[in-house]
Every structure is written in structure tokens, then in C-alpha cells.
Amino acid sequence: MTLRQTSLAVITLLGLTMIAGAFFVSTGFLLIDEVIYMLSADTFRDTGSLVIQNGYASYPSEDLIWMDLLSIGPNGLVPQYPVGSAVVGAFFVGLFDQHGFFVMNALAAFGTLFVTRALALELFEDESVALGAILLLVFGSYFTEYAFGLWPHMVSVLSVTTSFWLFLRACRTDTPLLIAALSGLFLGAGLAFRVDGVLLVPVIGLLGVLYARKPVLVYAGGALGLVPGLAAMAYANAIKFGTWNPISYGGGDYASKDPLKYIGLITICLVGFAATLLVRAGLLRPSRWWGVLLVVLCAGAAFMLPQTGKLASQLVRGITGLIIDATTTIDARPGIQTQPDGTLLFWGLPKKALGQSMPWIGALCVLLVWPWAQRRRAITCILIFAALWMFPFVIRAWHGGLSLNMRYFLPVLPALCILAAWILKELMGNAIPRLFLFAIIAGFTASFLWISAHPTGTAGAHQILSTPVFLAVCALSLAAGVSKSGAGQIALLGIGFGIGHAVTVSLTDNLLAQAFRTDEMRDFSEETGRDVIYDVFVRSAARDPRQLFALPHWRNVTADPEFISSALSDGYRILMQNHRATVFLQTYPQFRSLAEVTVQDVRFQSIGMR
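Attention here is on the structure that accompanies the text.

Criteria and thresholds
- Residues numbered from 1 in each chain as written.
- Predicted model: local features only at pLDDT ≥ 70, side-chain atom pairs only at ≥ 80, totals over all residues.
- Heavy atoms only, no water.
- Pairing = 2+ DSSP bridges.
- Helix = DSSP H or I, 4+ residues; strand = E, 2+ residues; numbered from the N terminus.
- Salt bridge = Lys/Arg side-chain N within 4 Å of Asp/Glu carboxyl O.
- Buried < 20%, exposed > 50% of the residue type's maximum accessible area, 1.4 Å probe, protein only.
- Expected span 1.5 Å × (residues − 1).
- Bend = angle between axes of the 7 residues up to and from the residue.
- Contact = heavy atoms within 4.5 Å.
- Phe/Tyr/Trp six-rings, centres within 6.5 Å; stacked < 30°, edge-to-face > 60°.
- Lys NZ or Arg CZ within 6 Å of the ring centre and 35° of its normal.
- Axes fitted to C-alpha atoms, helices over the stretch in contact; angles between N-to-C directions.
- Parallel < 35°, antiparallel > 145°, perpendicular 65-115°, else oblique.
- Left-handed = near helix turned anticlockwise from the far one by under 90°.
- Nonpolar A, V, L, I, M, F, W, Y, C, P; charged D, E, K, R; others polar.

### Thoughts on the pairing of strand β1 (residues 70–73)
As judged from the 4 bridges shared by β1 and strand β2 (residues 76–79), these two strands associate in the antiparallel manner. Across the sheet, L70 pairs through a bridge with P79, a residue of β2. Between the antiparallel neighbours β1 and β2 lie 2 residues.

### Concerning the pattern of salt bridges
Scanning the entire structure with this criterion turns up 12 salt bridges. Notably, a salt bridge pairs D42 with R539, separated by 2.8 Å at the nearest N-O pair. Here the residue D42 occupies a position in helix α2 (residues 32–47), and R539 occupies one in the loop between β5 (531–534) and α20 (540–543), the gap between them amounting to 497 residues. R377 is the salt-bridge partner of E122, the closest N and O atoms lying 3.7 Å from each other. Highlighted residues: E122 in helix α4 (residues 99–124) and R377 in helix α15 (residues 376–396), separated in sequence by 255 residues. In this structure R377 comes out as partly exposed when scored by relative accessible area, which is 22%. Here the salt bridges do not stand alone but share partners, grouping D42, D97 and R539 into one network.

### Side note on helix α3 (residues 84–96)
The end-to-end C-alpha separation of α3 is 18 Å, in line with the 18 Å expected for 13 residues at 1.5 Å each. The largest bend in α3 amounts to roughly 30° and is located at A90. Residues G84, S85, A86, G89, A90, F92 and V93 constitute the buried set of α3. Looking at the buried residues of α3, the elements they touch are α2 and α4. Just beyond α3, the residue with positive phi is D97, at close to 55°.

### Some words on the packing of aromatic side chains
In total, this model carries 21 aromatic pairs according to the counting rule given. Look at Y235 and W244: their rings are 6.5 Å apart centre to centre, the planes differ by 45°, and that puts the pair in the tilted class. Classification of Y235 by relative accessible area gives exposed; the value is 51%. Here a set of aromatic residues connected by ring pairs shows up, and it is made of Y37, Y81 and Y249. Sitting above the plane of the Y572 ring, R530 keeps its charged end 4.2 Å from the centroid.

### Examining the packing of helix α16 (residues 413–428) against helix α19 (residues 487–519)
At a minimum axis distance of 10 Å, the contact between α16 and α19 shows a crossing angle of 140°. Considering the angle they form, α16 stands oblique to α19. Crossing angle aside, the handedness with which α16 passes α19 is left-handed. Facing α16, whose interface residues are L424, L427 and M428, α19 presents G488, Q489, L492, I495 and I499. Grouping the amino acids of the contact of α16 with α19 by side-chain chemistry returns 6 nonpolar, 2 polar and no charged.

Okay, here's the thing in C-alpha cells:
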């Protein structure tokens with residue numbers, strides 16, 4: 001069997017395994033975002049509408065909009081997220097019920113493996129690099145967790161990776177219009193699922209100037225392909241939110257809903273694009289202008305010293321918390337709690353920075369000292385892609401809320417795995433050292449021993465052990481780049497250990513996510529009558545019109561007493577989880593507990609008036 005046949009066979013086997021696994025994973029919800037996605041798909045499938053019926057027309061209470069994840073549109077409550085998950089998700093849910101979302105994401109993951117191989121061949125023209133990247137992506141990253149998730153990150157990864165690959169192909173041809181249009185078409189389709197795909201646009205803008213043979217045609221084709229997706233999104237948002245802004249999330253105060261909060265990033269991108277364009281046109285010679293540019297930048301930094309210091313502080317905080325060590329995250333919300341053992345739990349889960357999830361990523365540090373002129377185009381494309389994509393999140397130190405990993409970095413994982421696979425091949429030569437394989441086994445074993453024997457358990461292995469492993473891989477990789485002796489072999493041992501640790505982290509992440517989903521599986525379909533239920537982690541939120549599901553807004557201490565009073569007077573039964581009911585009854589003594597209701601081992605109080 002040739003190496004090409006081996007790669008295709010591995011991809012097929014892994015892809016079919018993920019699709020089969022989609023039918024066996026827990027159908028519980030990991031977090032409220034997934035409830036919104038399922039709610040929108042069920043609603044579209046049952047009614048053909050994007051409008052959610054959750055009682056807001058009769059009871060305009062914040063408790064019914066689920067912390068602004070439902071927006072108030074001209075026609076009623078609508079999900080804040082793009083419509084792709086509602087429309088395409090409804091199709092898959094119709095075929096496979098709640099497993100449909102998992103099937104959709106598993107299929108997207110399958111496609112991503114093929115495109116990752118194509119991207120690796122486009123950049124490095126090496127089948128062994130492509131195969132190594134695929135293995136790293138599946139076993140050494142948090143890729144598979146999102147193949148078995150309800151939120152549509154995996155569809156976005158497929159869209160962005162495909163668009164990036166097609167764009168790079170378009171750059172190398174003298175007739176790029178059609179390929180560039182396909183690139184834009186895939187990107188536009190992905191935006192219908194997650195709007196952060198728009199971050200690929202500045203990447204394309206910059207790399208097109210650097211490497212495209214016919215940049216104007218590449219941009220024209222890409223823009224042409226992007227139009228249908230943006231037009232469809234604009235139309236959907238006009239219906240949902242009353243605005244023709246294609247990337248709007250409706251009302252609220254999230255940065256994703258306010259493009260003005262990205263003015264700084266947009267300005268940086270435009271300045272960088274203009275400077276690159278001038279260099280390519282020959283109007284600006286770097287060798288002549290670097291000194292002048294440095295003086296201007298220093299003068300500007302001195303003039304804006306307070307802002308510069310704040311920006312630098314934010315950047316350091318973001319790099320530290322999102323890339324090196326998630327336990328340094330500063331977030332005052334009550335769901336994020338530092339434990340006595342030094343771990344930091346995000347609503348009960350040990351979330352990790354990128355380097356903690358994948359300690360082997362420290363191998364990229366070798367590029368700081370290695371001469372890589374012969375691969376300048378490939379490496380530059382990947383580094384610019386990763387840097388521009390990650391920058392908006394790093395500069396805001398925004399970790400993405402409840403999750404086990406830095407989910408916003410998912411679209412750059414295929415490219416980073418490709419680059420790491422190339423570095424590994426350069427360090428190894430033409431044969432895989434036996435000690436490298438032993439190092440992988442050692443990292444895997446050491447991580448499991450930590451989980452089994454160390455007092456901090458799984459959280460400690462993820463957040464405490466991971467950090468020194470990542471930093472050690474960084475240091476060893478730098479040493480390998482500087483030294484011409486045996487440092488490369490030692491670096492391989494460190495990288496192998498980091499890969500083994502990442503395999504453990506990936507496996508336990510999947511197990512933790514499944515356990516969390518199972519714990520959140522509750523079914524109110526057997527409940528009869530009109531109920532207001534303060535618990536959104538159930539599917540009947542959309543499928544039973546008699547049930548209203550509520551959640552106090554994070555700005556409020558407890559539930560809305562006026563809403564509860566009105567609902568009671570209209571004949572609704574109020575069910576509130578025990579821990580929430582305790583606070584509510586202490587705060588508002590005019591209410592009392594009528595009875596206790598148990599739903600799948602979760603206790604609720606039936607609330608009434610005194």
C-alpha cells in the first residue's frame with residue numbers, strides 16, 4: 001500500500017468511526033448554547049419559522065430570553081445565532097432525531113480530514129506530513145470533542161479550512177476566478193453557522209497581496225462567491241432582528257453584536273494591508289523605510305503611552321490565559337471558581353489554554369531560530385492565518401465561556417497540525433525513532449497515573465501537569481533549533497511526551513463531556529398541564545407549547561417575582577430547582593414552596609403564593 005493509499009484509508013476509517021460514534025453518544029446538553037441550537041432546529045422543523053414561542057409576548061420578562069441568548073425581534077423571540085444550524089440542523093434532526101446534530105458534525109469532521117490532507121499537500125507537497133497532521137488533529141487535539149457536539153463549530157472548521165485551501169490554490173494560478181469564487185462560496189456558507197469565519201477575510205487580504213499571481217482576480221472571485229452567503233444571512237437577519245447586517249446577533253451588549261468594538265482590529269488590518277500593497281507595488285521598500293517606520297511607531301506609542309500600556313497588558317493577559325495557562329483567567333462570574341488545589345473550574349469543568357490541551361504545540365517555537373527560507377510561503381501562510389485569527393480573542397482575553405478548551409481556536413487547528421507535522425518530519429528525517437514512540441507512550445501513561453494517583457486528579461492533569469510539559473516542549477524545541485548536536489533527538493522526546501499527554505487529555509475531555517451531558521439529561525415530556533420550569537437543559541422547551549422555560553438573567557440575583565406572580569395567576573405551575581428556589585423564597589417571602597418534584601434525580605420546588 002502506498003503512502004497516499006494509507007492516508008486515504010486512515011481518513012476513511014477515522015471518518016466512518018466518528019459517524020458511527022454519533023449514534024452512541026449522550027444526547028444531553030453540555031451548555032445552554034446547545035439548547036438554543038436544538039431549540040431553533042426543532043422549531044424550524046415543526047413550524048418552518050425562526051421565531052421561538054416561549055411566552056415572551058404575554059410575559060415580557062428577562063427570565064424568558066435566557067441571558068440574551070434569545071433576542072427580541074420584530075416578530076418575537078429568535079435565537080441570536082445564524083440560521084444555518086436551524087435550517088440544516090432541522091434536516092438532520094428529521095432524519096436521526098437528536099442524534100442528527102452529532103451526525104452533521106461528524107460528517108463535517110470527516111470532510112475536514114480530507115481537506116486537511118489537501119491543505120497539507122498544497123503547502124508542503126508531502127504525503128507523510130499530511131498523514132502526520134491528520135493523526136495529530138484526531139488524537140492529539142480537541143478536534144473530536146466537537147465532532148460529537150451539538151454546537152456547529154465543526155461545520156465552521158470545515159468551511160474555513162476548505163476556503164483557505166481553495167484560496168491558496170487560487171493564488172498559484174493565472175486563472176483564479178473560479179477557484180477563488182468557490183473559496184468565497186464555502187466561506188459564506190460557513191458564516192451561516194458561525195460568524196467568526198469572517199476572520200478569514202483579513203488573512204486572505206494579506207496573503208493575497210503577498211503571494212497571489214493575480215490578486216485582483218483572486219479578490220474579485222472571492223467577493224463574488226461570498227455574496228450569496230452574505231445575502232442569505234442579511235435576509236434572515238432582516239426577518240429575525242429587523243436589520244440587514246449579515247453578521248448581526250440582534251440586541252444585547254456582546255462584542256459580536258457590535259461591530260464598532262472591532263474598529264481597532266479592522267484599522268490594524270487595513271494599515272497592514274495597505275503597507276503590504278505598497279511593498280508589492282514597489283512604492284515602499286522595506287530596507288529603506290524600516291527605520292522611519294520604527295521611529296513613527298515609537299513616537300506613536302510614546303504619544304499614546306497609557307493606551308499602549310493597557311494594550312500590552314491585555315495582550316500579555318490574553319496570551320497567558322488563552323495559550324499558556326487557563327488558570328490565570330480573570331473572570332468574576334460565580335461559575336468560575338479557583339479550587340484549593342490550584343485548579344480553576346469553569347462551571348465544574350477544567351478548561352484549558354491551547355498549550356495545555358496540546359503541549360506538543362510548543363514545537364512551533366523552533367521556527368524562532370530555524371532557517372526556513374525554503375518553506376517561507378507555506379510557513380508564513382500558516383503563521384499569518386493563526387495569528388490574525390487568534391488576535392481578536394487574545395487581545396480581549398476572551399476565553400469563550402463554558403467549554404473544556406479554547407473552542408474559538410478550532411479553525412486554526414488543522415493548519416497548526418500541518419505545521420507541527422512538518423517540523424516533526426524535519427527533526428526525524430526519513431524514519432520515526434523508536435524512542436519517539438516510547439515518549440508518546442510515556443506521556444500517555446504519566447498522565448493517566450497523575451489522574452489516578454495525584455490528589456488533583458483529572459483537573460490537575462489538565463491544568464497543572466500540562467503547563468510545565470508545554471513549556472518544556474517550547475524550551476527543548478528552541479534548543480533543537482539553536483544546537484546542531486543531539487538536541488533535536490531530545491526535543492523529539494519532549495514533543496512525543498507532549499503528544500502522549502494530549503492524547504490523554506483528548507480522551508478524558510470526551511469522557512468528561514459525555515458525563516456532563518448525561519447529568520444534564522432531563523425530560524419533562526411526561527409532565528402535564530401548564531408549567532414554567534426554571535431549567536433550560538431539556539428539549540421539550542420547543543416541542544411542548546404548554547411549557548415555558550425560564551432562566552434568571554446574570555444581572556439579576558434571582559428569578560423575576562412579577563413574572564412568577566403573573567404566571568401563577570394565569571394558572572401556570574412554577575417549578576424551580578432546589579438551590580434556586582431556596583434563594584428565591586428567602587428573597588421574596590410572599591412566595592412559598594408547595595411541593596417537591598423530582599425529575600430524573602433533579603429536585604424541583606413547586607412555587608406558590610402565601
